[in-house]
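# Structural features, examined
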Amino acid sequence: MGILSEKLSSVKPSQTKAMTERAASLRAEGKQVITLSQGEPDFQTPDRICQAAIEAIRAGHTKYTAVAGIQSLRKAVIAKFQRENSLNFTLDQVTVGCGAKQLLFNALLASLDEGDEVVFPTPCWVSYPEIVKLAGGVPAPVETRVENGFIMTPDDLRSAITDKTKWLMLNSPSNPTGAVYSREDLEDLAAVLRDYPDVWVLSDDIYEHLVYGDTEFCTMAEIAPDLASRTLTVNGVSKSYAMTGWRVGYAGGPAELIKAMNTVQGQSTSHTCSIAQHAAVAALNGDQSFIREFRDAFKKRRDQVVGLLNQIPGLSCKAPDGAFYVFAECQGLLGTRAPSGKVLATDMDFALYLMEEAGVAVVPGSGFLADGFIRISYASSEEELANACAAISNAVSRLSRTQGAA
Ligand code: PMP
Ligand code: GLU
């Protein structure tokens, strides 16, 4: 009998992490690799936030904190939800953890019984199905289509709900597609959810501030206040404030669920780092003008990458409305042969070819439950993006058609 549990045997390692680590080990061998695999802003955390952390250390805020986070941070979270989302929470309705990722984990571990189903649209973030499985649940992915802008329709949702459905997990702007659910899209989904009073909504708003098109960001609890008593709103400082490594995420929802999430956290990580919590207070409470600067820079990079990728025969993508990823179709390149003689049968083969031959790390669409795509994070400098696209173009031009390939 092996050491690993049956549960773990069905859980896959994170593809975003795997591709990024593979790139790092190639770099350690002296190869040049541009990493566009992991979604994290290349900007430095703004200085005033770093200063708040330094002051926290000097002031001796280096001890355990409350499981749900220091009061000043929970108050900053309450103020943020009120200011930006018109959501009103009390202190026992918000909690802070080690990134939004841990809050998703805490929420599902606190609420799923063996066999409970979690519905989410695909393409989805690599971690959704795996967190559901780790928490004992069953992923219920709902395929969305390029033609619909990767938006889940009310009919899609209705047909996915069974008497085992516990949650609908929604992520807008979406990782990996960049799709943004409009107010009307959310209202249509809310109308379906009203027919299923036992289904909860987990709204993952981590890319809230990264919206480029005309669609304004909305979140479910705001547009459907009658569903707020069964909605958990998750967010964090990683993407908006260039603070991925600080590990601070937060959530607001019904006190009973938040209390249970705190029980999970109190028996696992206890809380996130005390110093990072003080930095997050500064992030949420202080001047927010750099958010706009970050967003403007991302929009420029998005247009640059979409323009360059669409010039490469066999790759195509639309300009995504939000987040900082381009989800490009590469179906036309599958079945081609690399100069080594290897046939690129899957998007994983293609991604590995780009890593080896172009020196560019991307994530295959299959990691997001959507075969025939690659995801490129454009949260890198314009120079790196230009070099990466040129290298991809060059590598693609060296592929040859195999006999019988389209
Ligand atoms: N949700 C989505 C959709 C993400 O892409 C990420 C990636 N960072 C997270 C949640 C988690 O973010 P973090 O743990 O850094 O707050
Ligand atoms: N969420 C980011 C991504 O999808 C960061 C890596 C991760 O946590 O998966 O690339």
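Okay, so let's go over this structure. Each chain has its residues counted from 1, following the order in which its sequence is written. Note on labels: chains are lettered from A, ligands numbered from 1, in written order. Only residues with pLDDT of at least 70 get local features here, since the model is predicted, and only at 80 or more are side-chain atom pairs given and counted; chain-wide, interface and lining totals rely on the full set of residues. Derived side-chain values reflect all non-hydrogen atoms in the structure, with water molecules and hydrogen atoms excluded from consideration.

### Describing the overall build of the chain
What counts is decided by this rule: Numbered from the N terminus, helices here are DSSP runs of H or I no shorter than four residues, and strands are runs of E no shorter than two. Restricting the calculation to C-alpha atoms gives the radius of gyration, and the globule rule supplies 2.2 Å times the number of residues raised to the power 0.38. For every residue, the accessible area obtained with a 1.4 Å probe (protein chains only) is divided by the maximum for its type, and the residue is called buried under 20%, exposed over 50%, and partly exposed between those limits. Method for areas: the Shrake-Rupley scheme with a 1.4 Å probe, in which residue coverage is limited to the protein chains shown. For the purpose of charge, His is not counted, nor are the chain termini; Lys and Arg are scored as positive and Asp and Glu as negative. All charge positions are set by atom: Lys at NZ, Arg at CZ, Asp at CG, Glu at CD.
A tally of helices and strands in the chain yields 14 helices and 15 strands. In terms of C-alpha radius of gyration, the chain reaches 21 Å, essentially the compact-globule figure of 22 Å for 406 residues. Evaluated residue by residue, the chain yields a buried proportion of 55% over its 406 residues. For the chain, the computed accessible surface area is about 17200 Å², with 51% contributed by carbon and sulfur atoms. Of the side chains in the chain, 37 bear a positive and 47 a negative charge, and the two mean positions are spaced by 5 Å.

### With respect to the site of ligand 1
Which entries qualify depends on this criterion: Near residues are defined by distance, with any heavy atom within 4 Å of the molecule or strand qualifying the residue. Throughout this description, a polar contact denotes any pair of N or O atoms lying within 3.5 Å of each other; where both atoms belong to protein, one of them has to be capable of donating a hydrogen while the other can accept it, and for residues adjacent in sequence the pair is counted only when both atoms sit in side chains. Lining residues are defined by having an atom within 4 Å of a point belonging to a cavity or pocket. Those points lie on a 1 Å grid over the protein atoms alone, cavities being sets where a 1.4 Å probe fits but cannot get out and pockets being open sets with protein on both sides within 12 Å along at least five of seven lines. Throughout, a molecule is located in a cavity or pocket provided that more than half of its atoms lie within 2 Å of its grid points.
In the vicinity of ligand 1, the residues found are Gly99, Ala100, Lys101, Trp125, Asn171, Asn175, Asp204, Ile206, Tyr207, Ser238, Lys239 and Arg247. Interatomic distance of 2.6 Å between a side-chain N/O atom of tyrosine 207 and an oxygen atom of ligand 1. In the model, a nitrogen atom of ligand 1 is placed 2.7 Å from a nitrogen or oxygen of the lysine 239 side chain. Isolated, ligand 1 exposes 390 Å² of accessible area, and the fraction of that covered by the protein chains is 93%. Because more than half of its atoms lie within 2 Å of the grid, ligand 1 is assigned to the largest pocket. Ranked by residue count, the leading element in the shell around ligand 1 is helix 5 (residues 99-111), at three residues.

### A few points about the environment of alanine 23
Selection criterion: Contacts are residue-level and defined by heavy atoms, with any inter-residue pair within 4.5 Å sufficient.
Turning to its location among the elements, alanine 23 is positioned in helix 2 (residues 15-28). In this structure alanine 23 comes out as buried when scored by relative accessible area, which is 0%. The sequence separation of alanine 23 and threonine 35 amounts to twelve residues, and the corresponding C-alpha distance is 6.7 Å. Residues in contact with alanine 23, not counting those within four places in the same chain, are Val33, Thr35, Met355 and Ala361.

### A short note on the side chain of aspartate 205
Cut-off, in case you're wondering: Salt bridge, as used here: a side-chain nitrogen of Lys or Arg that lies within 4 Å of a carboxyl oxygen of Asp or Glu.
Turning to its location among the elements, aspartate 205 is positioned in the loop between strand 6 (200-204) and helix 9 (220-223). Here aspartate 205 occupies a buried position and makes no salt bridge, while the nearest side chain of opposite charge, lysine 80, is found at 6.4 Å. The residues contacting aspartate 205, other than those within four sequence positions of it, are Ser172, Phe217, Thr219, Thr233, Val234 and Asn235.

### A few points about the sheet that holds strand 15 (residues 400-401)
The following threshold applies: Note on pairing: DSSP must find at least two bridges between two strands before they are called paired.
Ordered in space as 11-10-15, the three strands form an open sheet in which the pairing is antiparallel. At either end of the open sheet lies a strand with only one pairing partner, and these are strand 11 (343-344) and strand 15. As paired elements, strand 10 (residues 336-337) and strand 11 share two bridges and run antiparallel to each other. For arginine 337, the partnering residue across the bridge sits in strand 11 and is valine 343.

### Considering the packing of helix 3 (residues 47-58) against helix 11 (residues 274-285)
How we decide: For helices, the fitted line uses only the C-alpha atoms of the stretch in contact; every axis is such a line through C-alpha atoms, and the angle between N-to-C directions lies from 0 to 180 degrees. Roughly parallel means an angle under 35 degrees; roughly antiparallel, over 145; roughly perpendicular, 65 to 115; everything else is oblique. Should the near helix be turned anticlockwise from the far one by less than a right angle, the crossing is left-handed, and should it be turned clockwise, the crossing is right-handed. Lys, Arg, Asp and Glu make up the charged group, whereas Ala, Val, Leu, Ile, Met, Phe, Trp, Tyr, Cys and Pro make up the nonpolar group; the residues left over, Gly among them, are polar.
One can describe the packing of helix 3 onto helix 11 by two numbers: an axis separation of 8 Å at closest approach and a directional angle of 140 degrees. Here helix 11 runs oblique to helix 3, going by the angle between their axes. Note on packing geometry: the crossing formed by helix 3 with helix 11 is right-handed. Packed against helix 3, whose contacting residues are Arg48, Ile49, Ala52, Ala53, Ala56 and Ile57, the element helix 11 presents Ile275, His278, Ala279, Ala282 and Ala283 at the interface. Classifying every residue of the contact of helix 3 with helix 11 by side-chain character gives nine nonpolar, one polar and one charged.

### So, the nonpolar core
For clarity, the threshold we go by: In plain words, nonpolar cores are sets of buried Ala, Val, Leu, Ile, Met, Phe, Trp, Tyr and Cys residues tied together by side-chain atoms within 4.5 Å.
Ranked by internal contacts, the top residues of the largest apolar core, which has 129 residues, are Leu108, Met220, Leu232, Leu309 and Phe350. For this core, the element with the most residues is helix 12 (residues 289-310), which contributes seven residues. Look past the residues within four positions of methionine 220 in its chain and what remains in contact with it is Leu170, Leu186, Leu189, Ala190, Leu193, Val201 and Ser203.

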